[in-house]
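In case you want the letters, here they are:
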Amino acid sequence: MRSAARQARRLHLRHHLLKLALLLAVGLILGRALQLQVLEGVEWRTRAIAQHETRVPLPAPRGKIYDREGRELVVSRTTYEIFVAPAELADRSAAAEVIRSVLRLGPETTRRIAEGKRSWIRLPGTYSALQKEKLEERIPRGLHPQPVVDRFYPRGPLAAEIVGRVDFNGHGQSGLELGFDSVLTGQPGFGVRQRDATGASADWLTVTVVAPSPGSDVYLTLDAELQALAESVLEDAVRETEASGGDLLIVEPKTGELLAAASRRSHWRLPHLTAATEPYEAGSTLKPFTVAALLAEGLADLMDTVNTGGGSYRTAGRTIRDEQPHGRLSLAQTLAVSSNVGMAIFAERLPKGVQFSYLRSFGFGTPTGLTYPSESPGLLRRPSEWSAQSQASLAIGYEVAVTPLQLVMAYGALANGGLLMRPLLVREAQSAEGMIRWRRDPEVVRRVVPEDVAGKLRGVLARAVTQGTGRSAGVRGLSVAGKTGTAQRFDQRQGYSGHSYTSSFVGLIPSDDPQLVILVKLDEPSGAYYGGATAAPVMRTAVRAALAGSYWSAPPLMGEPEIPDEQAGVPAGRAPAGSPYIFALDTPLLRAQDERLTSQDVAAVPDVRGLSLRAAAQRLHEAGWRVVVRGGGRAVSTQPAVGTELRRGERVVLQGGDLSPPRRPENPTGAG
Amino acid sequence: MKDLAASLAVDAYVPAAGSARRDAGMLLAITVFLVLVGLITVYSASSFLAQKQGLPDHYYLRQQASKALVGLLVLYVLARLDYRIYRRLAWPLLGVTLLALFVLVLPGTEAIAPPRNGARRWLDLGVQVQPSELAKLVMVIWAAALAAKKGERLRSLRWGLAAFGVIYLPVAFLIVLEPDLSSAALIGLLCAIVLFTAGARIGHFILLGLIALPLFWEWIQAASYRMARLVTFLDAGSDPSGVGYQLRQSLIAVGSGGVLGVGYGESAQKYFFLPEPHNDFAFAIIAEEWGLVGVGTVALSVAVLGVLGLRIARRAPDVFGYLLAVGLTALIVVSALMHMGVSLGLLPTTGVTFPFISYGGSSLVVSLAAVGILLNVGSWRT
């Protein structure tokens, strides 16, 4: 009985021990859960997120590059790399067939998909959003598209050397893509995507955390159509003259804006704009700047004469020659006929330092400050380094290396009344929200010569075109001032070669109030190598074509350079548009330079209705009238009407069928 | 036997009138609640898996629901079946169980005992049956019957533990061969609890433990993955990617649940981070989706269920009823505690089902059957 009582007590105790153990165990579990979920909760949650979520980069579209008129030169488009997970496909062979037919892929890739041995297959190439959607419509599961932002060039390789290229990662590699990389580059965002333990992720679980912010758009000063024209004209010229290369620049002298900049080499594609990076000895095209120095310093007058004798002049142990003897020449004539001898004699009047400082002042030997990643300063030695021959050499454009860009800007100073402008290639950069992120307004570097000196030189240069070496640059109905240059090329082995030349021409149009400065340079043209025989006609072609086209709307005609009021940081409207005219050159274009275009010359306005405005304008212009274009599309009427007898030089208004309002009210200071 | 019943009734606690009915009602309510929690959890944890397998998302839910209905039917029947019948049925039931376990390990029986994931745990008799689940129930019944019969003699080594060992060891051996180490261990533990409750000597348990340890040790070492599991359990942070994976994933699931959980159906760990999220790690999913609130609710339900089971046991009309009720309560509660312990990293990672909650028909039906028998024990007046 005692043992039974002990047994009962024992059992009783054990019952309670069981209960205690149960409660302890549950308490332990709750305590552990408290520790994991509350005390260490954040830590575990962090680990959970780390393994459940993958950061998905959301690429930001790179900014676009526009021309001055807002025409797209470079845009970004999103394409897709497509990955296939065969294991997720409902029907592998059917999916492979769809992929093959939609994307037109070869049998190799589709075979791999159908086999399904590999868990992850990347389809070769990138695909458009449309292709991607088509595919996703028919294959609901197993496709994993990855957006890729790449660059697209709506106008092909237009201005390729200027805009440059991006590398594989979408970063600027050359040109403005490189120079404006930080502006063009957007801020990529990221999303978070849930993934499972196999690494597969579910698109429907992707959440955008930080939205990508697109890069800013860059507006160039270039005019796409003028650029296209410049490129094709240069291309043709290089081919026809069998030149090894060439450059063509079109600049608005009053603002310093580059409207077109083309560089070509016959045998290879250029990595950059050689007009800014490759200096050369410009020869005669540099003569006006020594003349400008003489005039500005009052050391000579245009009427001063020197005797150039039989076309050769010996100075400092070197003989300087002209192509033909000119006898006694005034300074103006010296420049117009481009007499080397005359220039050498006149240059002796200049102290070395003065000659140097004027050339330096015109921008030679220093970078222009173009917003372009690379630029050569050229070479202009200090007087202390000069030899006895240097002064004469510099006067005729040797012993100095200049870039075409420097040269065109120096001519710009002659064109605009004596101000050296900073060359502009990029006008502004606007963020996607319309904020100005970068802006460059026309900037005067310095006054180089007084206005009257510039005016005198323009007069002489105009004469150079009508009478002198640049005759073939003359454009009917348009007064052109300009200067040719034919420089012997220096060769490392042979020194100055008698066979190799650089032919160049710089033109100011119209000559009395130049709106444009055009530089054409051809390297090693074969055949008629003189500047007047090669470069100048190129320029004529360029100007003719330009005048006939609608691309002329951009440069504001008369008056102040257009500078919008908006300040940086304030939302701006579109880039300033030009006048409504096709021809900004609606000033008296027809000068008495061409005797055939005198007052008695009267003709009936031809029927240009139905022609494109461009063709119609060209036709009217060739007939000798000034043309103002209203509207767009095709020509529907002229004013005066078709058949009206009209003196050449008068104005004809050409009305287009598209009556969209002009982008700007008529320039009050414009049409005469 | 009267002494025992009397000694238990002498307890300071005297159940109030009608409390037995109330306990039974509560037990049933908690059971049904846990079954519902199970269905909800199984759906959340398995829908993704089902879809990946090309099945409708509610495939596993429907399977579990139909088993739950079968289980509730079994519960109803057994609640009305006099529990004393199991005293006589203990041996025959044991025989059937041994036969079933034997079939699993026999060569040439793959047709009805197909291997799955490298283990043969299921008998395919039209419905899938897991004999080791049945063995848990049968061994509890058998242990209770034997202990009740032996009475005082249980305290002798020869007539007590040794006799149990004779039966337990073959059963455990067969189960280990499947292999299903954790079930064998659990059955041993359940039998031990029954014997402990019945008054077996503590010294015998210690002796048994000392004998079992090297056996298990050798066996554990033989299977290197089990070794790795144990080692990583002892030092969970040492291996971020290898064998500690399951444990770490479970802890991440539990820990990331926080206080309120990530929300129903929002578990991220079920996306294959946790193996068998609807089964071996169902509790981890609950902890993740419902947080500490869910953990507390489930754990307390288990605690209440255990207390109710012990109370029913104490009111049992005889020693067999008492031991049977304790054993059945332990069957449910110990499984649940082990499952939770594994999920929380308190126990080595091993596959233990959570009664009522984990996916799996055998476990569910057996657990409900256990509750049915418990209810019958509780329905008898002393």
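This is a predicted model, so every value here is computed, not measured.

Glancing now at the overall build of chain A. From N to C terminus, chain A includes 19 helices and 28 strands. A buried classification covers 53% of the 672 residues belonging to chain A. At a minimum sequence separation of 6, the contacts of chain A that also span at least 24 residues come to 71%. For chain A, the computed accessible surface area is about 28400 Å², with 52% contributed by carbon and sulfur atoms.

A separate point is the nonpolar core. The biggest cluster of nonpolar side chains holds 123 residues, and the ones touching the most others in it are Leu324(B) and Ile373(B). For Ile373(B), the residues in contact, after removing those within four places along its chain, are Leu78(B), Tyr83(B), Tyr86(B), Leu137(B), Ile141(B), Leu324(B) and Leu328(B).

The interface is formed by 56 residues belonging to chain B together with 39 residues belonging to chain A. Taken together, the two surfaces of chain B and chain A that pack against each other cover about 4100 Å², and 69% of this comes from carbon and sulfur. Among the residues chain B hides against chain A, the three largest losses belong to Phe196(B), Phe273(B) and Leu310(B). Together they make up 13% of the total. For the pair chain B and chain A, the interface holds 0 salt bridges. Summed over the shared surface of chain B and chain A, the result is 8 residue pairs in polar contact (both at pLDDT 80 or more). Elements with a contribution of two residues or more to the side of chain B that touches chain A: helix 1 (2–9), helix 2 (19–52), helix 7 (181–198), helix 10 (245–257), helix 11 (282–314) and helix 12 (319–343) of chain B. It is helix 11 of chain B that provides the largest number of residues to the side of chain B that touches chain A, a total of 13 residues. Residue composition of the side of chain B that touches chain A, by class: 33 nonpolar, 14 polar and 9 charged.

This part is about the packing of aromatic side chains. All names here are of chain A. Evaluated as defined, the whole model comprises 15 aromatic pairs over all chains. When the ring of Tyr66 is compared with that of Tyr219, the centres are 4.8 Å apart and the planes differ by 15°; the resulting orientation is stacked. With a gap of 153 residues between them, Tyr66 in strand 2 (residues 65–66) and Tyr219 in strand 8 (residues 217–220) connect regions that are remote in the sequence. Relative accessible area serves as the criterion here: at 9%, Tyr66 is assigned to the buried category.

Let us now look at helix 2 of chain B. Every α-helix carries 3.6 residues per turn, so stepping three or four residues along brings you back to the same face. Residues and elements named next belong to chain B. The end-to-end C-alpha separation of helix 2 is 49 Å, in line with the 50 Å expected for 34 residues at 1.5 Å each. The largest bend along helix 2 reaches roughly 45° and is located at Ser46. Phi turns positive one or two residues past the end of helix 2, at Gly54, with a value near 80°.

Bringing a nonpolar patch on the surface into the picture now. On the surface, a cluster of nonpolar side chains totalling about 570 Å² of accessible area is made up of Leu34(A), Val38(A), Leu39(A), Val259(B), Leu260(B) and Val293(B). Of all the elements, helix 1 (residues 2–39) of chain A adds the most residues to the nonpolar patch, at 3 residues. For Leu34(A), the location among the structural elements is in helix 1. With a relative accessible area of 42%, Leu34(A) lands in the partly exposed category.

Turning our eyes to something else, we now look at the pairing of strand 6 (residues 189–194) of chain A. Residues and elements named next belong to chain A. Most of strand 6 is tucked away: 5 of the 6 residues are buried. Direction of pairing for strand 6 relative to strand 7 (residues 207–210): antiparallel, over a ladder of 3 bridges. Counterpart to Gly191 in the pairing with strand 7 is Thr208.

Now for the sheet that holds strand 7 of chain A. All names here are of chain A. If you walk across this open sheet you meet the 3 strands as 1-6-7, and the pairing is antiparallel. If you trace the sheet from one side to the other, it starts and ends with strand 1 (53–58) and strand 7, each paired once. Here the average twist between neighbouring strands, direction ignored, is 35°. For strand 1 and strand 6, the ladder comprises 6 bridges, and the chain directions are antiparallel.

Another point: the environment of Arg201(B). Residues and elements named next belong to chain B. Within the secondary structure, Arg201 sits in the loop between helix 7 and helix 8 (202–222). Separated by 41 residues in the primary sequence, Arg201 and Gly160 have C-alpha atoms spaced 9.2 Å apart. Side-chain polar atoms of Arg201 contact the backbone oxygen of Arg155, separated by 2.9 Å.

Now for the side chain of Glu231(A). Residues and elements named next belong to chain A. By secondary structure assignment, the location of Glu231 is in helix 9 (residues 224–240). Here the side chain of Glu231 touches Gln227 through a polar contact of 2.8 Å, side chain to side chain. In contact with Glu231, not counting residues within four places along its chain, are Pro157, Leu158, Ala159, Ala262 and Arg264.

Let us look at the side chain of Ser338(A). Residues and elements named next belong to chain A. Among the structural elements, Ser338 can be located in the loop between helix 12 (331–336) and helix 13 (340–347). Its relative accessible area of 13% is what places Ser338 among the buried residues. Engagement of the side chain of Ser338 in a polar contact is seen with the side chain of Ser284, the distance being 3.3 Å. Looking at Ser338, its side chain comes within polar contact range of the side chain of Lys483, at 2.8 Å.

With that out of the way, let us pick up the confidence of the model for chain A. Residues and elements named next belong to chain A. Of the residues in chain A, 79% reach a pLDDT of 70 or more, and the chain-wide mean stands at 77. Per-element confidence in chain A ranges from a low mean pLDDT of 65 for helix 18 (residues 531–548) to a high of 94 for helix 16 (residues 404–415). This model gives residues 550–599 a pLDDT under 50, and the stretch forms 146 contacts once residues within four places in sequence are excluded. This model gives residues 660–672 a pLDDT under 50, and the stretch forms 24 contacts once residues within four places in sequence are excluded.

So, about helix 17 (residues 451–466) of chain A. The terminal C-alpha atoms of helix 17 of chain A lie 23 Å apart, and with 16 residues this matches the ideal 22 Å at 1.5 Å per residue to within 8%. Every buried residue belonging to helix 17 of chain A is among Val453(A), Ala454(A), Leu457(A), Arg458(A), Val460(A), Leu461(A), Ala462(A), Ala464(A) and Val465(A), and all of these are buried.

Attention shifts here to the environment of Arg80(B). Residues and elements named next belong to chain B. Mapped onto the secondary structure, Arg80 falls in the loop between helix 3 (59–79) and helix 4 (85–105). Classification of Arg80 by relative accessible area gives exposed; the value is 63%. For Arg80, the side chain forms a polar contact with the side chain of Tyr76, separated by 3.4 Å.

Below, the discussion takes up the pattern of salt bridges. Residues and elements named next belong to chain A. Under the defined criterion, the tally for this structure stands at 36 salt bridges over all chains. Across the pair Glu108 and Arg111 runs a salt bridge, and its minimum N-O distance is 2.9 Å. Taken as a pair, Glu108 and Arg111 lie in helix 4 (residues 107–115) at a separation of 3 residues, close to a single helical turn. Judged by relative accessible area, Glu108 falls into the partly exposed class, the value being 43%. Arg422 is the salt-bridge partner of Glu443, the closest N and O atoms lying 3.5 Å from each other. One end of the pair, Glu443, is in the loop between strand 19 (436–439) and strand 20 (444–447); the other, Arg422, is in the loop between strand 17 (419–421) and strand 18 (426–430), with 21 residues separating them in the sequence. Arg422 sits in the buried class, given a relative accessible area of 19%.

What counts and how
- Residues numbered from 1 in each chain as written.
- Chains lettered and ligands numbered in written order.
- Predicted model: local features only at pLDDT ≥ 70, side-chain atom pairs only at ≥ 80, totals over all residues.
- Heavy atoms only, no water.
- Helix = DSSP H or I, 4+ residues; strand = E, 2+ residues; numbered from the N terminus.
- Buried < 20%, exposed > 50% of the residue type's maximum accessible area, 1.4 Å probe, protein only.
- Contact = heavy atoms within 4.5 Å.
- Areas by Shrake-Rupley, 256 points an atom, 1.4 Å probe, with all protein chains shown as cover.
- Core = buried A, V, L, I, M, F, W, Y, C linked by side-chain atoms within 4.5 Å.
- Buried area = accessible area lost by both parts, 1.4 Å probe.
- Salt bridge = Lys/Arg side-chain N within 4 Å of Asp/Glu carboxyl O.
- Polar contact = N/O pair within 3.5 Å; in protein donor to acceptor, adjacent residues only side chain to side chain.
- Nonpolar A, V, L, I, M, F, W, Y, C, P; charged D, E, K, R; others polar.
- Phe/Tyr/Trp six-rings, centres within 6.5 Å; stacked < 30°, edge-to-face > 60°.
- Expected span 1.5 Å × (residues − 1).
- Bend = angle between axes of the 7 residues up to and from the residue.
- Patch = residues over 30% accessible without salt bridge, like charges linked within 9 Å, V, L, I, M, F, W, Y side chains within 5 Å.
- Pairing = 2+ DSSP bridges.
- Axes fitted to C-alpha atoms, helices over the stretch in contact; angles between N-to-C directions.
- pLDDT = per-residue confidence, 0-100.

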